[in-house]
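# Survey of secondary and tertiary structure
Each chain, letter by letter, is given below.
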Amino acid sequence: MNVKIGFVPYSMPSEGSAGETGQWRTERPVLDEAKCINCLFCWIYCPEGSIRRGEKTISIDYEYCKGCGICMNECPTKAITMVKEE
């Protein structure tokens, strides 16, 4: 059986559709740049689009990050940890 796969729609998160949502979180992700291998799994899975790709590492936009922890869970090197907001 031959199956032809055509265009597969997908969506990408974008920042700001609900305004600055960073005040909602109770924990924030913190990156250990020494452990980051720039695999971009965190960037791919971030539902808020608050992770930015860099040349050698990523950055996190805390104005929009809701602190869900998905980035931490997807990181294969455990370079992201969640820290309680103070």
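Treat the numbers as computed from the prediction; the structure is a model and nothing was measured.

## Points about the overall build of the protein chain
When helices and strands are counted, the protein chain shows two helices and four strands. Its helices and strands taken in sequence order, the protein chain reads β-α-β-β-α-β from the N to the C terminus. The buried share of the protein chain, taken over its 86 residues, is 28%. A sequence separation of at least 24 residues applies to 68% of the contacts in the protein chain between residues at least 6 apart. Accessible surface computed for the protein chain: about 6400 Å², of which carbon and sulfur atoms make up 52%.

## A word on the pattern of salt bridges
Summed over all chains, the structure comprises three salt bridges. A salt bridge links Glu48 to Lys66, with the shortest nitrogen-to-oxygen separation between them at 3.4 Å. Of the two residues, Glu48 sits in the loop between α1 (41-45) and β2 (51-53) while Lys66 sits in the loop between β3 (58-60) and α2 (70-74), which places them 18 residues apart along the sequence. A relative accessible area of 27% means that Lys66 is categorised as partly exposed.

## Notes on unusual backbone geometry
Negative phi is the rule for most residues except glycine; trans is the rule for most peptide bonds. Of note, the phi angle at Asn38 is positive, near 60 degrees, even though the residue is not glycine. Its identity as a non-glycine residue notwithstanding, Leu40 has a phi of 70 degrees, on the positive side. Position of Leu40 relative to the elements: it lies in the loop between β1 (27-31) and α1. Its relative accessible area of 19% is what places Leu40 among the buried residues.

## Regarding the packing of aromatic side chains
The tally for this structure, following the rule as stated, stands at zero aromatic pairs. Sitting over the ring of Tyr62, Arg28 keeps its end group 5.7 Å from the ring centre. Above the plane of the ring of Trp43 lies Arg53, whose end atom (NZ or CZ) is 4.4 Å from the centre.

## Quick word on the side chain of Asp61
Its location among the elements puts Asp61 in the loop between β3 and α2. Within polar-contact distance, the side chain of Asp61 engages the side chain of Arg52 at 3.3 Å. Within the structure, the side chain of Asp61 is placed 3.0 Å from the backbone nitrogen of Glu63, a separation counted as a polar contact.

## What to know about the side chain of Ser50
Within the element layout of this structure, Ser50 appears in the loop between α1 and β2. On the accessibility criterion, Ser50 (2% relative accessible area) is buried. For Ser50, the contacting residues outside a window of four places in its chain are Ser59, Ile60, Asp61, Tyr64 and Cys65.

Procedures and definitions
Residues numbered from 1 in each chain as written. Predicted model: local features only at pLDDT ≥ 70, side-chain atom pairs only at ≥ 80, totals over all residues. Heavy atoms only, no water. Helix = DSSP H or I, 4+ residues; strand = E, 2+ residues; numbered from the N terminus. Buried < 20%, exposed > 50% of the residue type's maximum accessible area, 1.4 Å probe, protein only. Contact = heavy atoms within 4.5 Å. Areas by Shrake-Rupley, 256 points an atom, 1.4 Å probe, with all protein chains shown as cover. Salt bridge = Lys/Arg side-chain N within 4 Å of Asp/Glu carboxyl O. Phe/Tyr/Trp six-rings, centres within 6.5 Å; stacked < 30°, edge-to-face > 60°. Lys NZ or Arg CZ within 6 Å of the ring centre and 35° of its normal. Polar contact = N/O pair within 3.5 Å; in protein donor to acceptor, adjacent residues only side chain to side chain.

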